[in-house]
Amino acid sequence: MQGYCWLLVLPVFWLLLLSCCLTLVTANSEGDALHALRQALIDPKQVLQSWDPTLVNPCTWFHVTCDTENNVIRVDLGNASLSGTLVPQLGNLPFLQYLELYSNNISGSIPSELGALSQLVSLDLYVNDFTGDIPSTLGQLANLRFLRLNNNSLTGAIPLQLTSILGLQVLDLSFNNLSGYVPTNGSFSQFTPISFQGNSNLCGPMVDKHCPGEPPLPPPPPCQPSPSPSDPSNNDGS
């Protein structure tokens with residue numbers, strides 16, 4: 001009878017052990033990814049001083065938020081006087097929902113690996129020194145609602161893949177060096193020229209500028225004057 005009980009208990013024990021090991025592996029890989037970011041950043045105010053890679057997981061680090069399963073879901077490093085570059089290992093944060101790195105002096109390119117962050121809701125990289133193209137892989141972020149890349153030095157065309165993010169609510173690509181046609185389909189149909197201002201080489205109906213080699217923009221509709229209050233035709237019963 002005792003041996004039979006052990007046969008029942010052992011599978012449960014191994015399942016618990018496996019679950020624990022998987023949690024540790026996930027936590028360690030996320031800690032490795034964030035430590036790689038710390039190594040690539042210059043941190044004059046020591047805001048990353050608590051990012052100790054020897055800890056079991058990064059959930060006790062300042063500016064990092066985890067869920068109840070110890071998965072990293074937020075990185076909040078806005079306005080922290082950071083410089084340096086981002087790292088491709090950021091794509092190894094599968095549960096990340098908010099990546100807030102705005103108002104720093106971070107330079108270099110935006111890693112294409114950010115397109116692997118399938119749970120990402122907000123990507124705020126505005127007011128930095130990023131250069132290069134906007135990665136087309138960001139179009140894979142189906143849960144993204146806020147994309148703010150304004151006030152950088154990004155170049156190239158706006159990826160058409162971004163229009164497929166149907167839940168996108170806020171888009172700001174203003175004050176970069178972007179060029180080419182501004183898409184107007186998909187999620188971009190709801191945005192206004194404010195999202196694209198300060199990019200003198202953009203063109204298309206959205207920014208009211210003709211694109212070379214394209215048919216001219218249609219003229220605006222004629223303005224219809226409002227009827228005067230004293231106009232007899234505007235009075236009922238006359």
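A quick note: this is a predicted structure, and the numbers were derived from the prediction, not measured.

### Comments concerning the overall build of the protein chain
Inference 1: Summing up its helical and strand segments, the protein chain has 1 helix and 13 strands in all.
Inference 2: Its helices and strands taken in sequence order, the protein chain reads α-β-β-β-β-β-β-β-β-β-β-β-β-β from the N to the C terminus.
Inference 3: Classification of the 238 residues of the protein chain by burial places 36% in the buried group.
Inference 4: Here the protein chain displays about 13100 Å² of accessible surface, and carbon together with sulfur accounts for 58% of that area.

### Some details on the UniProt feature "domain: Leucine-rich repeat-containing N-terminal plant-type" (unreviewed entry) in the protein chain
Inference 1: The UniProt record annotates "domain: Leucine-rich repeat-containing N-terminal plant-type" (unreviewed entry) at residues 28-67.
Inference 2: The annotated region residues 28-67 carries 32% helix and 12% strand content, and the separation between its end C-alpha atoms amounts to 15 Å.

### Quick look at the state of the cysteines
Inference 1: Under the criterion given, the structure shown has 2 disulfides.
Inference 2: A sulfur-sulfur separation of 2.1 Å characterises the disulfide bridge that pairs Cys59 with Cys66. Measuring the twist about the S-S bond at about -95°, one finds the Cys59-Cys66 disulfide to be left-handed.
Inference 3: What links to what in the protein chain: the bonded cysteines, counted in sequence order, pair as 1-2, 3-4.

### Observations concerning the nonpolar core
A general tendency of soluble globular proteins is for nonpolar side chains to be buried together.
Inference 1: Trp51, Leu123, Leu147, Ile158 and Phe196 are the most contacted members of the largest nonpolar core, which totals 51 residues.
Inference 2: Within the residue set of this core, elements represented by two or more residues are α1 (2-40), β2 (64-66) and β3 (72-76).
Inference 3: The element best represented in this core is α1, accounting for 4 residues.
Inference 4: The contacts of Leu123, once residues within four sequence positions are left out, are Leu99, Leu114, Leu138, Leu144, Phe146, Leu147 and Arg148.

### A few points about the sheet that holds strand β11 (residues 170-172)
Strand pairing within a sheet occurs via backbone hydrogen bonds; the two strands may be parallel or antiparallel.
Inference 1: Strand order in the open sheet made by the 6 strands is β2-β3-β5-β7-β9-β11, with mixed pairing throughout. Both edges of this open sheet fall to β2 and β11, since each of them pairs with a single strand only. Taken pair by pair, the neighbouring strands of this sheet meet at an average axis angle of 15°, ignoring direction.
Inference 2: By the bridge criterion, 3 bridges tie β2 to β3 in an arrangement that is antiparallel. For Val64, the partnering residue across the bridge sits in β3 and is Val75.

### Overview of the sheet that holds strand β12 (residues 177-181)
Inference 1: Ordered by their spatial adjacency, 7 strands build an open sheet running β1-β4-β6-β8-β10-β12-β13, and the pairing between neighbours is mixed. Two strands close off the open sheet at either side, each with one partner strand: β1 (41-42) and β13 (201-203).

Calculation notes
- Residues numbered from 1 in each chain as written.
- Predicted model: local features only at pLDDT ≥ 70, side-chain atom pairs only at ≥ 80, totals over all residues.
- Heavy atoms only, no water.
- Helix = DSSP H or I, 4+ residues; strand = E, 2+ residues; numbered from the N terminus.
- Buried < 20%, exposed > 50% of the residue type's maximum accessible area, 1.4 Å probe, protein only.
- Areas by Shrake-Rupley, 256 points an atom, 1.4 Å probe, with all protein chains shown as cover.
- UniProt positions renumbered as here; feature names shortened; annotations may be inferred.
- Disulfide = S-S within 2.5 Å.
- Core = buried A, V, L, I, M, F, W, Y, C linked by side-chain atoms within 4.5 Å.
- Contact = heavy atoms within 4.5 Å.
- Pairing = 2+ DSSP bridges.
- Axes fitted to C-alpha atoms, helices over the stretch in contact; angles between N-to-C directions.

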